[in-house]
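Structural overview for review
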Amino acid sequence: MTAPAKNSLPATNVFAAVDLGASSGRVMTARIGDGLLDLTEVHRFPNRPVRAGGTLHWDILALYRNALEGLRAAAPLTSVGIDSWAVDYGLLDASGSLLGNPVHYRDSRTDGVMEELRAEIADEELYDLTGLQFLPFNTVYQLVAAARSGALSRAETLLLIPDLLAYWLTGETGAELTNASTTALFDVRSRTWSTALLERLGIPTGLFPALREPGDPAGTMLAETGLPAGLPVTAVASHDTASAVAAVPASGDRFAYISCGTWSLVGVELPAPVLSAASLAANFTNEAGVDGSTRYLRNVMGLWLLQESLRAWGSPELAGAQGLQGLLDAAASLPPFRALVNPDAAEFLPPGDMPARIAAYCRRTGQEEPANEAATVRCILDSLALGHRAAVRQAAALSGRDLEVIHLVGGGSRNALLCQLTADACGLPVIAGPVEATALGNVLVQARAFGVVKDLAEMRDMVARTQHLRRYEPRGDESAWAEASARIGLT
C-alpha cells in the first residue's frame, strides 16, 4: 500500500483506532482535516482474562470479535490502526493458525525465571544490549518459560498482540517497532531484533517477523472480515504508551509524561537511550518511540491498585462513576500520609484481594491499617503520587533533562485528586488530559502517514488546540512529601 498524496484525499478523513487496554478495549474514530480533530467512541468492551487449566489467558478471540464489531459500525474509513499493552504475544503454526490463547503477563508461569536468567546473563550485559527495565513478565522471560514447557515446538511465527490482530485483518505478518522494543529481545542501539541474544537463549530467530515503523503499511483488509476489501491497515505506535506519548500536548522538550491507567508509565522523551550504571540501578527502561525517539521511563503500578480494590469490594454502588466519585471525595477530605505503601511492591502485582494486601503491608511496616474504603483509596492515591514523584525526579536526574511541566494523560487524568496530589508531590504543574491520548496518538500517526498532518509537532499542537485539558498547580509543603517518600523507601 502506498499512502495517497495529500491533494488526492478528501477534506476530512476518518481514521479508526482499535485501542486495547489491560482492562477494556475500544474502537474510536477520528475525523481529521483542516485543523479538525474530532474523536468519537464507536464501541467499548471489557477485556476480561480467563483462567483455564491453571493458566491465566487473554480472551483474544473476544477482543478480535469486538474489534470487528466496532470497525463494522464505524463510518467509511480511510485507514485502521491497532495498539495494545506490551509484552504478550500469540504463536502461529506453519499453517498460520493460532497455537492457543495468549498467556496473560500476570500469569505465574514466569515466577523465578527472571532471577534464573539474571544468574546466567549479567544485568549490565543485558541492559547494555536491550536498555530494558527488569520486570518479571517481560517477553524474554515468558519465552524462556514457554520453551521449557515445549510450547514453542510447533511455533513458526510470534506476533505481539496488535500484530496478531492486524494479521487476522490482513493476512500479513510483521512486528511494529515500538512494541517490539518492550520485549527485552530488541537491540536498543540498532533498533533491530537481537539475533545474538535469541540464539544464546535457544529461542528460534525465525519466530520474529520483519519490523515495521509507525506509519508503515500493515496490509489491506481481507473480505472475510466483513469490512471493505482493500481498506488500508496502518502500523501505528502499537504499544499503547508509545501512542499516548505521541499525543502528549507538549511544546518543546522540557516535559515529563505520565501515561496513567492500569499502569503509570512515567518518564521523558529523549533523542537517544540512557544506558548508564545509574540508569540500570534505578531500573529505568529505554523503549522506542515515534521518529527514532526513546521513551525513557519506569513502570509504576498505577490505578491497578484502585481497580482491584473496587473489584474486591464488589459493591454495586461503587461500580459506576458516581459511586467512585463519592469515594474520591471522601478520600480527599482525609488527612494525607496516614497509611502508605510502596506501589511497586511485588505483592501488589497479582490479581486478588487488594485491600487485604494493603492492610497486611501496613501491619508489617508498623502503620495503622486504613479504617475503611475511603481511607484505603487515600492510601492508594497518596502512594501513587509518591511513586510518580520518585520516577519523575529520577528521570530528570538520570537523563539530565530540566523539567517545567508534567503531562498526565490517559484515564487517570479524570481523577482530579490524583492529578492534584501528583502536582503537589512533584512540585511541578500537571496538565491533565487528554483522556483518550492513546487513541489520539494512534489516529494521528495514521493521519501523518496519509499526509493529513506533517510531523509530530503538528500532531501535538492539534491535540493541545482541540482537546479538553486541565492544569493543576503544586501546593503545600515539599518537605512533607520528602518525609513521606522516605517512609516507604522512595527517593
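Overview of the structure. Being a predicted model, the structure only gives us computed values, none of them experimental.

Parameters and conventions
- Residues numbered from 1 in each chain as written.
- Predicted model: local features only at pLDDT ≥ 70, side-chain atom pairs only at ≥ 80, totals over all residues.
- Heavy atoms only, no water.
- Helix = DSSP H or I, 4+ residues; strand = E, 2+ residues; numbered from the N terminus.
- Rg over C-alpha atoms; globule rule 2.2 N^0.38 Å.
- Buried < 20%, exposed > 50% of the residue type's maximum accessible area, 1.4 Å probe, protein only.
- Contact = heavy atoms within 4.5 Å.
- Areas by Shrake-Rupley, 256 points an atom, 1.4 Å probe, with all protein chains shown as cover.
- Lys, Arg positive; Asp, Glu negative; His and termini not counted.
- Charge placed at Lys NZ, Arg CZ, Asp CG, Glu CD.
- Pairing = 2+ DSSP bridges.
- Axes fitted to C-alpha atoms, helices over the stretch in contact; angles between N-to-C directions.
- Parallel < 35°, antiparallel > 145°, perpendicular 65-115°, else oblique.
- Left-handed = near helix turned anticlockwise from the far one by under 90°.

**Comments concerning the overall build of the chain**
Each helix and strand counted, the chain has 18 helices and 21 strands in total. A compact globule built from 491 residues should have a C-alpha radius of gyration of about 23 Å, and the chain, at 22 Å, falls within 12% of that. Along the three orthogonal principal directions, the C-alpha set of the chain runs to about 60 × 55 × 45 Å. Within the chain, the fraction of its 491 residues that count as buried is 60%. Of the contacts formed within the chain by residues at least 6 apart in sequence, a portion of 72% connects residues at least 24 apart. Split by element, the accessible area of the chain, about 18300 Å² in all, is 51% carbon and sulfur. A gap of 3 Å separates the mean positions of the 38 positive and 53 negative side-chain charges of the chain.

**Some remarks on the side chain of Ser 259**
Tracing the sequence through the fold places Ser 259 in strand 15 (residues 255-260). Judged by relative accessible area, Ser 259 falls into the buried class, the value being 10%.

**With respect to the sheet that holds strand 20 (residues 430-432)**
In spatial order, the strands read 17-18-16-15-19-20-21; together these 7 strands make up an open sheet with mixed pairing. The outermost strands of the open sheet, each flanked by one partner alone, are strand 17 (285-288) and strand 21 (470-472). Strand-to-strand twist in this sheet, taken as the mean axis angle between neighbours without regard to direction, amounts to 30 degrees. In the sheet, strand 17 pairs with strand 18 (residues 294-300) via 4 bridges, with the strands oriented antiparallel. The residue bridging Ala 288 from the neighbouring strand is Thr 294, located in strand 18.

**What to know about unusual backbone geometry**
With the exception of glycine, most residues fall at negative phi, and the peptide bonds are largely trans. A cis geometry characterises the amide bond from Gly 433 onward to Pro 434, with omega recorded as 5 degrees. By the element assignment, Pro 434 lies in the loop between strand 20 and helix 16 (437-449). Its identity as a non-glycine residue notwithstanding, Arg 191 has a phi of 55 degrees, on the positive side. Checked against the element boundaries, Arg 191 lands in the loop between strand 10 (186-187) and strand 11 (192-193). Taking relative accessible area as the criterion, Arg 191 reaches 18% and is therefore assigned buried. A positive phi angle, close to 60 degrees, is found at Asn 283, a residue other than glycine.

**Concerning the packing of helix 10 (residues 304-313) against helix 14 (residues 373-399)**
Where helix 10 meets helix 14, the axes come as close as 10 Å, and the angle between the chain directions of the two elements is 165 degrees. Classified by the interaxial angle, the pair formed by helix 10 and helix 14 is roughly antiparallel. You can see that helix 10 and helix 14 cross each other, and the crossing is right-handed. Across from Leu 305, Leu 306, Ser 309 and Trp 313 in helix 10, the residues of helix 14 making contact are Glu 373, Thr 376, Val 377, Ile 380 and Leu 384.

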